[in-house]
Amino acid sequence: MKNKPQNISNTAQIIEGIGASSWFTIVKEKNYFRIERFSIKGEKECSSRFKVKPDGFEINKPYRFTYLSHCQECTIIQEKKTYKFYKYES
């Protein structure tokens, strides 16, 4: 695993890729989730609100970011269930 830059949250997870790897963080914001993506060097690439499908994702339980995840859509696996997060345009 890569060394995490100091400016990235301790809860950040890395997705390693062929071309580039990225760090991802997620926090609950009212009825949405704030997901941020950072470059391997710690530069913020995007920060947006997301809605999740299906319902049932529990931010306080263990989870893992996985492919396909980018600035418009993210995928998280929790308790063998796949959740898709879609960027919310207000």
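Everything below is about the structure shown above.
Conventions adopted
- Residues numbered from 1 in each chain as written.
- Predicted model: local features only at pLDDT ≥ 70, side-chain atom pairs only at ≥ 80, totals over all residues.
- Heavy atoms only, no water.
- Phe/Tyr/Trp six-rings, centres within 6.5 Å; stacked < 30°, edge-to-face > 60°.
- Helix = DSSP H or I, 4+ residues; strand = E, 2+ residues; numbered from the N terminus.
- Buried < 20%, exposed > 50% of the residue type's maximum accessible area, 1.4 Å probe, protein only.
- Lys NZ or Arg CZ within 6 Å of the ring centre and 35° of its normal.
- Disulfide = S-S within 2.5 Å.

Colleague: Can you help me understand the packing of aromatic side chains in this one?
Modeller: For any pair of aromatic rings, the description consists of the separation of the ring centres together with the inter-plane angle of the planes. Per the stated rule, a full pass over the model turns up eight aromatic pairs. Each ring, one from phenylalanine 24 and one from phenylalanine 65, has its centre 5.2 Å from the other, and the planes form 25°; the classification is stacked. With phenylalanine 24 in strand E2 (residues 22-29) and phenylalanine 65 in strand E5 (residues 64-66), this pair connects stretches of sequence that are 41 residues apart. With respect to class, phenylalanine 24 is no different from phenylalanine 65; both count as buried. Their ring planes at 35° and their centres at 4.6 Å tell us that tyrosine 32 and tyrosine 88 sit as a pair that is tilted. Of the two residues, tyrosine 32 is situated in strand E3 (residues 32-39) and tyrosine 88 in the segment after strand E7 (81-87); the sequence distance between them amounts to 56 residues. Owing to a relative accessible area of 15%, tyrosine 32 belongs among the buried residues under this scheme. Taking NZ or CZ as reference, lysine 28 lies 4.6 Å from the ring centre of phenylalanine 33, over its face.

Colleague: Quick question: what am I supposed to make of the state of the cysteines here?
Modeller: Here, the word disulfide means a covalent bond between the sulfur atoms of two cysteines. One pass over the full model with this rule turns up one disulfide. Disulfide pairing places cysteine 46 opposite cysteine 71 at an S-S distance of 2.0 Å. A torsion of -90° about the S-S bond marks the disulfide between cysteine 46 and cysteine 71 as left-handed. Remark: cysteine 71 occurs in the loop between E5 and strand E6 (73-78) and cysteine 46 occurs in strand E4 (residues 44-53); sequence separation between them is 25 residues. Grouping residues by exposure puts cysteine 46 and cysteine 71 together as buried. Cysteine cysteine 74 is unpaired, with the sulfur of cysteine 46 as its nearest cysteine sulfur at 7.2 Å.

Taken by themselves, the reported measurements are silent on function.
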